[in-house]
Amino acid sequence: FRFTMVREPTSRFYSSYQEAFYRNFKRVDQIPTRYRSFLEPFSNLTRRTYSYLVQQSSHSTDNLTLALETFVRDYDAHEPFDGHLRLQIPRLTNSKTGRTISLNSLYDSNNMNASFEEIGTKIGIEDDIPVVHAYDRGNKRLNFERVSYATQRKICQLS
């Protein structure tokens, strides 16, 4: 029985961007030069101050939105500097043939508990199996409703 979990591409991009943004803050040398300008509004902050502002307060959601807009403007997906920015499609294809990997089921990672219940039923496990999911840094105060239409379109193209 072969299955995989995937995430809706635009939701995944937003989450990937936020994770890459958080993880690479103050490690600018790991970000290709052509993608770095999105961090400029935060260049004078320490990692601790940045973390507090992004996670705990309503600190300038405009700056966070501007950073996303700038990142999407510059980003072309040719050089993902963080594993979270890698596309899902290559992971679902055979690298030698380019063909899609044969799967019995494809599940939405946003509904993991229900997905694992269904998988358990399909393979004959009837006991409740606790699902442990990765940590959650919260919404990081990025207001997706403020993202421009042009940026949303490019995110769809990148995803």
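Everything that follows concerns the structure shown earlier in this document.
Anyway, here's the lowdown on the structure attached to this text.

**Focus on the overall build of the protein**
Across its full length, the protein holds five helices and two strands. The secondary structure elements of the protein, listed N-terminal to C-terminal, are β-α-α-α-β-α-α. Counting over 159 residues, the protein shows a buried share of 35%. Look at the contacts in the protein between residues 6 or more apart in sequence, and 73% of them connect residues 24 or more apart. Within the structure as shown, the protein displays about 10,300 Å² of accessible surface, and the carbon and sulfur contribution to it stands at 48%.

**Considerations on the side chain of Gln-88**
Structurally, the position occupied by Gln-88 is in the loop between helix H3 (61–74) and strand E2 (105–108). Separated by 2.9 Å, the side chain of Gln-88 and the backbone nitrogen of Arg-7 make a polar contact. Those residues within four positions of Gln-88 in sequence are excluded, and the remaining contacts are Val-6, Arg-7, Pro-9 and Arg-12.

**Examining the packing of aromatic side chains**
Per the stated rule, a full pass over the model turns up eleven aromatic pairs. Look at Tyr-17 and Phe-38: their rings are 5.9 Å apart centre to centre, the planes differ by 55 degrees, and that puts the pair in the tilted class. Placement of the pair is Tyr-17 in helix H1 (residues 9–24) and Phe-38 in the loop between H1 and helix H2 (47–56), with a sequence separation of 21 residues. Look at Tyr-17 and you get buried, because its relative accessible area is 2%. Between Tyr-35 and Phe-81, the aromatic rings sit 6.2 Å apart at their centres with planes inclined by 40 degrees, giving tilted as the arrangement. One end of the pair, Tyr-35, is in the loop between H1 and H2; the other, Phe-81, is in the loop between H3 and E2, with 46 residues separating them in the sequence. Classification of Tyr-35 as buried rests on a relative accessible area of 0%. When its relative accessible area of 14% is taken as the criterion, Phe-81 is described as buried. Each member of the aromatic cluster is reached from another via a ring pair, and the members are Phe-13, Tyr-17, Tyr-35, Phe-38, Phe-71, Tyr-75 and Phe-81.

**A short note on the environment of Thr-4**
If you trace the backbone, Thr-4 turns up in strand E1 (residues 3–6). Those residues in contact with Thr-4, other than ones at most four positions away along the chain, are Leu-92, Leu-103, Ser-105, Leu-106 and Tyr-107.

**Points about unusual backbone geometry**
Despite not being glycine, Ala-77 shows a phi value in the positive range, around 70 degrees. Secondary-structure assignment places Ala-77 in the loop between H3 and E2. For Ala-77, a relative accessible area of 26% puts it in the partly exposed group.

**Some points on the environment of Pro-9**
With respect to the helices and strands, the residue Pro-9 is situated in helix H1. Here the alpha-carbon distance between Pro-9 and Ile-89, two residues 80 residues apart in the chain, equals 9.9 Å. Sequence-distant contacts of Pro-9, that is, excluding residues within four places in its chain, are made with Gln-88 and Ser-159.

**Some points on helix H4 (residues 112–122)**
Taken together, the buried positions of H4 are Met-112, Ser-115, Ile-119 and Gly-120. What you see down the axis of H4 is that its buried residues fit within an arc of 135 degrees, all on one side. Residues of H4 that are exposed and point over 90 degrees away from its buried face: Ala-114, Glu-117 and Thr-121. Buried-residue contacts for H4 involve E1 and E2. Of the residues trailing H4, Gly-124 is marked for its positive phi of about 85 degrees.

Here is what the cut-offs are and how they apply
- Residues numbered from 1 in each chain as written.
- Predicted model: local features only at pLDDT ≥ 70, side-chain atom pairs only at ≥ 80, totals over all residues.
- Heavy atoms only, no water.
- Helix = DSSP H or I, 4+ residues; strand = E, 2+ residues; numbered from the N terminus.
- Buried < 20%, exposed > 50% of the residue type's maximum accessible area, 1.4 Å probe, protein only.
- Contact = heavy atoms within 4.5 Å.
- Areas by Shrake-Rupley, 256 points an atom, 1.4 Å probe, with all protein chains shown as cover.
- Polar contact = N/O pair within 3.5 Å; in protein donor to acceptor, adjacent residues only side chain to side chain.
- Phe/Tyr/Trp six-rings, centres within 6.5 Å; stacked < 30°, edge-to-face > 60°.
- Arc of directions from axis to C-beta.

Function-wise, these values are silent; they only describe arrangement.
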